[in-house]
There are 2 protein chains.
Amino acid sequence: MKRVTIYDISEILNISPSTVSRALNDSPSVKTKTKEKIIEVAKQLNYFHNKTASRLKTGKNNTVGIIVPYINHSIFSAIIQVIEEILAPLGYIILICQTYEKTVNEIKHIQSLLTNQVECIFVSVTMETINYDHFKKVTSAGIPLIFFDRKADIENVSSVILNDFKSAYKATEHLIEQGCKRIAHFKGNQNLEIYRNRYDGYLKALKDYKIPVDPDLIISCKSSIEEGKRAFNELYNANISLDAIFSPNDHAILGAYQEIKNYNIKVPEEIALVGFSNEIFTKYIEIPITTVFQNPELMGTKAAKFFLEQTNKETTDITHKNEIIEGTLLVRASSKKR
Amino acid sequence: MKRVTIYDISEILNISPSTVSRALNDSPSVKTKTKEKIIEVAKQLNYFHNKTASRLKTGKNNTVGIIVPYINHSIFSAIIQVIEEILAPLGYIILICQTYEKTVNEIKHIQSLLTNQVECIFVSVTMETINYDHFKKVTSAGIPLIFFDRKADIENVSSVILNDFKSAYKATEHLIEQGCKRIAHFKGNQNLEIYRNRYDGYLKALKDYKIPVDPDLIISCKSSIEEGKRAFNELYNANISLDAIFSPNDHAILGAYQEIKNYNIKVPEEIALVGFSNEIFTKYIEIPITTVFQNPELMGTKAAKFFLEQTNKETTDITHKNEIIEGTLLVRASSKKR
DNA sequence: TTGTATGCGTTATCAC
DNA sequence: GTGATAACGCATACAA
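This structure is a prediction, so every number in the text was calculated from the model and none was measured. (Residues numbered from 1 in each chain as written. Chains lettered and ligands numbered in written order. Predicted model: local features only at pLDDT ≥ 70, side-chain atom pairs only at ≥ 80, totals over all residues. Heavy atoms only, no water.)

1. Topic: the domain arrangement of chain A
For chain A, the assigned domains are domain 1 (6-49), domain 2 (63-162 + 296-325) and domain 3 (164-294 + 329-335). Taking only C-alpha atoms into account, the centre of domain 1 of chain A sits 38 Å from that of domain 2 of chain A. (Domains from an automatic or database assignment.)

2. Observations concerning empty space enclosed by the protein
Counted by the stated rule, this structure contains three cavities of 30 Å³ or more. Roughly 140 Å³ of internal volume is contained in the largest cavity. What lines the largest cavity is a set of 14 residues, and nearest its centre among them are A:R55, A:N116, B:R55, B:T63 and B:N116. Considering only residue class, the lining of the largest cavity consists of four nonpolar, eight polar and two charged. (1 Å grid on protein atoms, 1.4 Å probe; cavity = no way out; pocket = protein on both sides within 12 Å on 5 of 7 lines; lining within 4 Å. Points joined across faces, edges and corners; volume = space filled by probe spheres on them. Nonpolar A, V, L, I, M, F, W, Y, C, P; charged D, E, K, R; others polar.)

3. With respect to the protein's contact with DNA strand D
The full set close to DNA strand D counts 26 residues, and A:T19, A:R22, B:I6, B:S21 and B:Y47 are the nearest of them. One nitrogen or oxygen atom from the side chain of A:R22 is found 2.6 Å from a base nitrogen belonging to DNA strand D. One of the side-chain nitrogen or oxygen atoms of B:H49 is found 3.0 Å away from a phosphate oxygen of DNA strand D. Of all elements in the fold, only α2 (17-24) and α4 (51-58) of chain A together with α1 (6-13), α2 (17-24) and α4 (51-58) of chain B reach the threshold of two or more residues within the surface near DNA strand D. Looking at the surface near DNA strand D element by element, the count peaks at four residues for α4(B). Split by residue class, the surface near DNA strand D holds seven nonpolar, 14 polar and five charged. (Near = heavy atom within 4 Å. Polar contact = N/O pair within 3.5 Å; in protein donor to acceptor, adjacent residues only side chain to side chain. Helix = DSSP H or I, 4+ residues; strand = E, 2+ residues; numbered from the N terminus.)

4. Focus on the sheet that holds strand β9 (residues 272-274) of chain A
All names here are of chain A. With respect to topology, four strands assemble into an open sheet ordered β7-β6-β8-β9, the strand pairing being parallel. Of all strands in the sheet, those bounded by a partner on one side alone are β7 (218-220) and β9. Direction aside, the axes of adjacent strands within the sheet are offset by 20 degrees on average. Examined bridge by bridge, strand β8 (residues 244-246) and β9 share three bridges and lie parallel to one another. Paired with I245 across the strands is L273, a residue of β9. On top of the sheet, helix α8 (residues 164-177) reaches β6 (183-187), β8 and β9; it is set at about 175 degrees to β8, its chief contact. Strands in contact with helix α11 (residues 250-262) are β6, β8 and β9; relative to β9, the strand with the most contacts, it is inclined by about 160 degrees. (Pairing = 2+ DSSP bridges. Axes fitted to C-alpha atoms, helices over the stretch in contact; angles between N-to-C directions. Contact = heavy atoms within 4.5 Å.)

5. As for the interface of chain A and chain B
It is common to report an interface's size as the accessible area lost on association of the parts. Each side of the interface is counted separately: chain A has 45 residues, and chain B has 45 residues. Note on chain A versus chain B: buried area summed over both sides is about 4300 Å², and carbon and sulfur give 57% of it. Among the residues of chain A in contact with chain B, A:F48, A:Q117 and A:Y284 are the three that bury the most area, contributing 16% of the side total. Run the count over chain A and chain B and you get zero salt bridges. (Buried area = accessible area lost by both parts, 1.4 Å probe. Salt bridge = Lys/Arg side-chain N within 4 Å of Asp/Glu carboxyl O.)

6. Here we look at the sheet that holds strand β1 (residues 63-68) of chain A
All names here are of chain A. Within the open sheet, the six strands sit side by side as β2-β1-β3-β4-β5-β11. Their pairing is parallel. Each having just a single partner strand, β2 (93-98) and β11 (322-325) make up the two edges of the open sheet. Taking each pair of neighbouring strands and ignoring which way they run, the sheet shows an average axis angle of 15 degrees. Of the pairings in the sheet, the one linking β1 to strand β3 (residues 120-123) comprises four bridges and is parallel in character. Counted as the bridge partner of G65 is I121 from β3. Lying on the sheet, helix α6 (residues 103-115) is in contact with β1, β2 and β3; it crosses β2 at an angle near 160 degrees.

7. Overview of the relation of the copies chain A and chain B
With an RMSD of 0.1 Å, the fit of chain A onto chain B corresponds to turning through 180 degrees and sliding 0.0 Å along the axis. Look at the turn and shift together and you get a two-fold axis relating the two. The share of interface residues of chain A whose copies in chain B are also at the interface is 100%, consistent with both copies meeting through the same surface. (Least-squares fit on C-alpha atoms with pLDDT ≥ 70 in both.)

Structure follows, in structure tokens:
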């Protein structure tokens with residue numbers, strides 16, 4: 001099937017292609033009468049604007065990319081939604097990419113977004129990523145790079161992240177205030193700044209409240225239900241006494257909860273639980289799980305604003321912004337001892 | 001910042017742009033030596049391929065669009081993932097669009113995908129949609145339109161949907177086998193074929209088992225937690241006796257469950273519950289909820305295959321396929337009376 | 001194996 | 001108000 005172009009319209013009406021183009025772009029310098037005729041014929045021919053050609057000509061692409069680990073994790077889908085709500089009305093197309101926490105996918109997506117000439121790339125980096133060369137390619141091409149939630153430590157980028165340290169501190173402090181003294185931590189991948197900060201927040205709270213740090217209570221654990229099960233079982237089988245777990249993600253704490261239930265251990269009386277991210281299931285589980293709300297709406301809004309500020313600026317020297325927003329501890333049954 | 005083009009490379013090396021183009025496309029008709037030189041310079045200049053230009057020239061866009069109500073609903077995120085896994089390795093870019101169940105968004109996205117010259121559009125239609133003109137635009141432009149899970153009843157399209165009737169029948173039958181006789185139904189929006197079919201499956205099972213249909217037990221209810229709460233409360237406040245609820249979606253049954261718990265009614269002893277879609281929370285809730293698994297992986301695979309078959313075919317006359325796949329009832333505690 | 005010429009569909013810059 | 005022309009960056013038919 002042959003594509004309908006402005007030439008087809010111009011031939012039918014004996015009007016030049018430029019006028020057709022102007023009319024379809026609703027240019028004020030075209031007579032209303034001719035405009036109407038043109039639009040009428042366009043409709044009849046089932047014409048639609050070829051953005052590819054227009055992009056090539058204008059150099060304006062009106063496309064941005066968003067790269068996240070998983071689109072169905074509550075924080076990411078919420079952030080995508082907000083960015084969409086802000087940019088779509090301005091005519092932007094949003095390319096959503098998933099890495100599934102694999103650096104190879106991240107590299108591929110960056111490459112693909114660059115060849116697609118996007119105007120901005122929003123990224124929440126993979127847990128795996130330690131080399132940042134692919135990100136540097138973006139900035140050195142002069143394309144704004146904006147990190148959200150998880151950032152890479154490189155120059156010339158903007159970022160919106162959570163105060164993970166303080167949020168983790170508050171979570172741990174809360175457990176301490178409930179009377180917990182043997183608080184285990186599911187230590188996340190330390191490649192990731194967020195997990196380093198959450199770990200540090202945990203340590204600092206213990207220190208401030210003069211609770212000794214016991215290495216036995218700190219166990220490496222990835223963000224998945226299975227890993228949470230494994231981690232808890234390791235503690236359990238090693239006969240390590242504990243009265244609370246602070247996990248830097250909700251999936252692992254859910255896994256732990258499943259096992260705790262299997263062993264008929266009481267939550268929160270015997271073991272109190274705190275997670276991180278406010279995944280939907282934390283609210284609807286038998287014993288709702290205390291968790292940290294990361295305010296994804298605010299994060300997404302700020303990220304989108306950063307892009308708009310940069311792109312609307314006439315000057316070439318871009319100012320990069322780094323914003324840290326505060327998390328909110330949602331205290332639920334899993335940690336309320338009193 | 002000026003864009004680097006193949007002309008920049010060609011000037012530096014005193015080689016024609018066509019050779020540069022060929023080299024970058026790894027054409028076998030370029031000497032390895034020149035190829036290496038070209039790639040080297042391209043890297044130095046931080047050149048990246050301009051897909052916009054290439055698309056315009058070749059007419060090959062390598063882009064498909066997927067339109068879903070919500071990206072974070074389990075069935076949709078799973079389907080997106082599969083389609084991605086199949087098409088990305090073949091070089092396709094996937095434009096993911098969310099309608100949030102609004103027809104206006106659906107229309108906008110279709111329009112946008114058409115102007116973006118996508119090669120195929122995969123759609124799961126909105127609950128609201130009753131007019132199909134925007135879909136007809138797609139087919140009349142000669143672009144393959146493939147429905148999954150929820151389809152619109154128009155010509156020249158392919159589709160992969162669930163056997164909703166049979167799945168609902170099995171769900172209801174299961175409740176009957178558990179001894180339930182007063183089975184309520186949260187009747188979904190009847191615009192949508194899936195909800196009509198699930199309703200019909202419910203009715204047919206009652207009929208086959210000679211259980212009278214009581215209109216009092218059938219209550220209209222949208223797919224949300226709040227709506228589920230409202231629906232249950234209406235039944236409860238009207239003093240309508242019931243021993244089971246079959247909801248054609250998981251969100252409403254979760255809402256109902258919350259209220260049931262508030263009233264201290266026992267699940268499944270006093271009221272048995274069955275939902276639909278296998279949302280993640282149905283598994284991890286206090287009393288895991290029986291639900292229908294829709295096999296999204298299979299759905300996505302079939303949909304992607306349909307597209308590939310159509311697009312690889314030389315002939316212009318396209319054969320449209322309509323496939324119905326079977327659901328699986330996942331029996332869990334919420335309905336096991338014996 | 002490489003170079004020349006042309007066009008994809010649009011829009012911007014002139015000119016009229 | 002409208003028309004002619006060139007150009008965006010690339011790929012390809014054809015020539016050499």
